[in-house]
There are 2 protein chains.
Amino acid sequence: MYIGFSETETFLRNCEDAIIITHQSPDGDCIGAAFGLKDILAELGIRSRVVCSDVFPSRYDFMTNVGAGEEFEPKTVIAVDIADVKLMGRYTEIYGDKVQLCIDHHESNKDYAEKTLLREKATAACEIIYDLGKYMGINITKHCAMCLYTGIATDSGCFRYDCTTPRAHEIAAEMKRSYDINFARINRYMFEVKSLGRMKLEAKVSELMEEHLGGKLAVVAVTQDMMKELGIGPDELEGFAPLTIQLENTEVGILMREREPNVFKCSFRSADEVNVSTICQTIGGGGHAKAAGCTVEGELDEVKKMLIETVRKALS
Amino acid sequence: MYIGFSETETFLRNCEDAIIITHQSPDGDCIGAAFGLKDILAELGIRSRVVCSDVFPSRYDFMTNVGAGEEFEPKTVIAVDIADVKLMGRYTEIYGDKVQLCIDHHESNKDYAEKTLLREKATAACEIIYDLGKYMGINITKHCAMCLYTGIATDSGCFRYDCTTPRAHEIAAEMKRSYDINFARINRYMFEVKSLGRMKLEAKVSELMEEHLGGKLAVVAVTQDMMKELGIGPDELEGFAPLTIQLENTEVGILMREREPNVFKCSFRSADEVNVSTICQTIGGGGHAKAAGCTVEGELDEVKKMLIETVRKALS
């Protein structure tokens, strides 16, 4: 059942011993939302504990170092930024059918909770939680503000992407007027820094970048031999597809990874207007308009030629 | 003489045939400010022309493609985003002592104009011009808004840096509520895209990255031999110093370029708190807290060792 701020307030003010679940492969938004909500509950005198199927990456320490909360038998189960119970990892079995409140901003939300506060237009779950805290008249602490800013910043690519709402900017403005927070440091850790290993791997991938179709298509193909030489497996190239749309004239980017001999996993990215899901569907794949994929068998050169031809047709 | 919005309004409403000067090596802020002001003057029925000592880079076409303005004998000389007349390039001689109005946000502004509207706290000259336009009750057209957004976004690193004011976020929010602008596309062109050549050069530079002092110092040294091999000169490495502070634990980054045999131009960057200007001053250089430099003579290994030792002392 979908509910609004008023009913959510009633629920939160009357809950006890809450467990707050974040999704697996946690990101800035679900961690920020969980720890931000924990701070809000603390202001109400309600104890809570944040749980996640995976370990929180260390770059989020400034949010998580307050501790996830003491052990207790939960009487309230809350999920934040989780569109589908399957995304709870090992908590799916324990709490999947027991979620009383879900706070989320995904259009694809499966309405699995007893009550769901859904704002599909919100940049981030953190945007909803900030507005909810203000609606409830709760004191947003500095730590809470840091958490909620981080979620808004990470889900919007630091205010770069389409999904950035006017409200996201307004909240950032309000926070900058009200708190002595080193926002630039948060942004540096969220958007700029990488490990030396990651930097060198990006360099190797960049060196493999090819332009086709007059620059409209960028392709990086990484064969098993190349991975052996780099000392990596195909999973270590996860997250590299966006590199393919960094070239100035590129409309479509493809990262090809040879997962088994002559079996290529191809990740497509669209820089702006081209729908790569439609392209991938013509060759047995699918996905979203701006990020899609398919798996193709064949020799590297054949597969690449076929992909280039497919994109050429789609662009014309 | 420093003036406020009221006097600036009087000046603009009464000016005629204005030339608007941008600084050499033009960036998003001076181009956005000049073309944004041109749009505001047009709303007042005043013709103007934008001039720059250098050619506007093509990635700013969406601002400049309206044309710089017809030829006429200027009766009014306005400078935007220019702290010092020296930065006008070939226009310094022609207009350097004739600037009637300067609109700027640099603390270092030399007060060279008859009247200067200076807002040192503003993120960008474009932030001042937006607020001025609103103050004057002028209709900000879509093109004008695109220009002013671009200046605010580029000078703030898309709202990432310290210099991002609450007002910058508020203006972005107002624009997102009022205009049908593809902000994400502007941000992509300003912050994400690069040429294939630039991408491959960054890859080469990344491969030369070294960590020292337990990761607190990152050094890239590019010798003349390496440049020969890459087919580039030292100037083509302009703008690469920020790469050195992308490593996760780095506090100081140094890009060393061998400009002449055994003469190294060293560009220092601070990731956060270390003042690199102070460090560079101890070895004959200087600059700003977060970006400074010096020139050191000697063999590569000697110079590098000396720099590492200097940074070690400064950090301890």
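Thresholds, definitions, all that
- Residues numbered from 1 in each chain as written.
- Chains lettered and ligands numbered in written order.
- Predicted model: local features only at pLDDT ≥ 70, side-chain atom pairs only at ≥ 80, totals over all residues.
- Heavy atoms only, no water.
- Salt bridge = Lys/Arg side-chain N within 4 Å of Asp/Glu carboxyl O.
- Helix = DSSP H or I, 4+ residues; strand = E, 2+ residues; numbered from the N terminus.
- Buried < 20%, exposed > 50% of the residue type's maximum accessible area, 1.4 Å probe, protein only.
- Phe/Tyr/Trp six-rings, centres within 6.5 Å; stacked < 30°, edge-to-face > 60°.
- Lys NZ or Arg CZ within 6 Å of the ring centre and 35° of its normal.
- Domains from an automatic or database assignment.
- Expected span 1.5 Å × (residues − 1).
- Arc of directions from axis to C-beta.
- Contact = heavy atoms within 4.5 Å.
- Buried area = accessible area lost by both parts, 1.4 Å probe.
- Least-squares fit on C-alpha atoms with pLDDT ≥ 70 in both.

**Some words on the pattern of salt bridges**
Summed over the entire model, instances satisfying the criterion amount to 44 salt bridges over all chains. In this structure, the salt-bridge partner of Arg 167 of chain A is Asp 131 of chain A, at a minimum N-O distance of 2.8 Å. Of the two residues, Arg 167 of chain A sits in helix α7 (residues 166-178) while Asp 131 of chain A sits in helix α5 (residues 125-135), which places them 36 residues apart along the sequence. Relative accessible area serves as the criterion here: at 17%, Asp 131 of chain A is assigned to the buried category. Between Asp 162 of chain B and Lys 290 of chain B there is a salt bridge; the shortest N-O distance is 3.7 Å. Placement of Asp 162 of chain B in the loop between α6 (142-155) and α7 (166-178) and of Lys 290 of chain B in the loop between β10 (286-287) and β11 (291-297) is noted, with a sequence separation of 128 residues between them. On the accessibility criterion, Asp 162 of chain B (55% relative accessible area) is exposed. Here the residues in one salt-bridge network are Glu 16, Asp 17, Arg 47, Glu 70 and Lys 75 of chain A, joined through shared partners.

**Examining the packing of aromatic side chains**
Under the counting rule described, the total for this entry stands at 11 aromatic pairs over all chains. Geometrically, the ring pair formed by Tyr 91 of chain A and Tyr 95 of chain A is stacked, given 6.1 Å between the ring centres and 20° between the ring planes. With Tyr 91 of chain A and Tyr 95 of chain A both in helix α4 (residues 91-95), this residue pair falls four residues apart, about one helical turn. Each member of the pair Tyr 91 of chain A and Tyr 95 of chain A is classed as buried. An aromatic cluster is built from Tyr 149, Phe 159 and Phe 183 of chain A together with Tyr 149, Phe 159 and Phe 183 of chain B, whose rings are joined through pairwise contacts. The lysine or arginine in question, Arg 49 of chain B, covers the ring of Phe 72 of chain B, its NZ or CZ lying 4.8 Å from the ring centre.

**Points about the domain arrangement of chain A**
Quite often, the size of an interface is put as the accessible area lost when its parts meet. By the assigned domains, chain A splits into domain 1 (5-191) and domain 2 (196-315). Distance from the C-alpha centre of domain 1 of chain A to the C-alpha centre of domain 2 of chain A: 33 Å.

**Some points on helix α12 (residues 300-315) of chain A**
Residue and element names in this part refer to chain A. Between the first and last C-alpha of α12 there are 22 Å, a value that for 16 residues agrees with the 22 Å anticipated at 1.5 Å per step. Those residues of α12 lying buried are Val 303, Lys 304, Leu 307, Ile 308, Thr 310 and Val 311. End-on view of α12: buried residues confined to an arc of 160°, all on one side of the axis. Along α12, exposed side chains directed more than 90 degrees from the buried face belong to Asp 301, Glu 302, Lys 305 and Lys 313. The inward-facing, buried residues of α12 abut β6 (210-212), β7 (217-222), β8 (252-260), β9 (263-270), α11 (276-281) and β11 (291-297).

**Topic: the interface of chain A and chain B**
Facing 45 residues of chain A, the contacting portion of chain B comprises 46 residues. Summed over both partners, the interface of chain A with chain B buries about 4,200 Å², with 50% contributed by carbon and sulfur atoms. Three residues, Arg 160, His 169 and Arg 188 of chain A, lead the burial of chain A against chain B; their summed loss comes to 15% of the area buried on that side. The interface formed by chain A and chain B contains 10 salt bridges. The shortest N-O distance in the salt bridge between Lys 204 of chain B and Glu 207 of chain A comes to 3.9 Å. Going through the elements one at a time, α7, α8 (183-192) and α9 (196-207) of chain A are the ones with two or more residues in the side of chain A that touches chain B.

**Focus on the relation of the copies chain A and chain B**
Take chain A, turn it by 180°, move it 0.0 Å along the axis, and it overlays chain B with an RMSD of 0.2 Å. The operation mapping one copy onto its partner corresponds to a two-fold rotation axis. By C-alpha distance to the rotation axis, the residue of chain A lying nearest is Ala 203 of chain A, at 2.0 Å. Comparing interface residues between copies, 100% of those in chain A also sit at the interface in chain B, which points to an isologous, same-surface contact.

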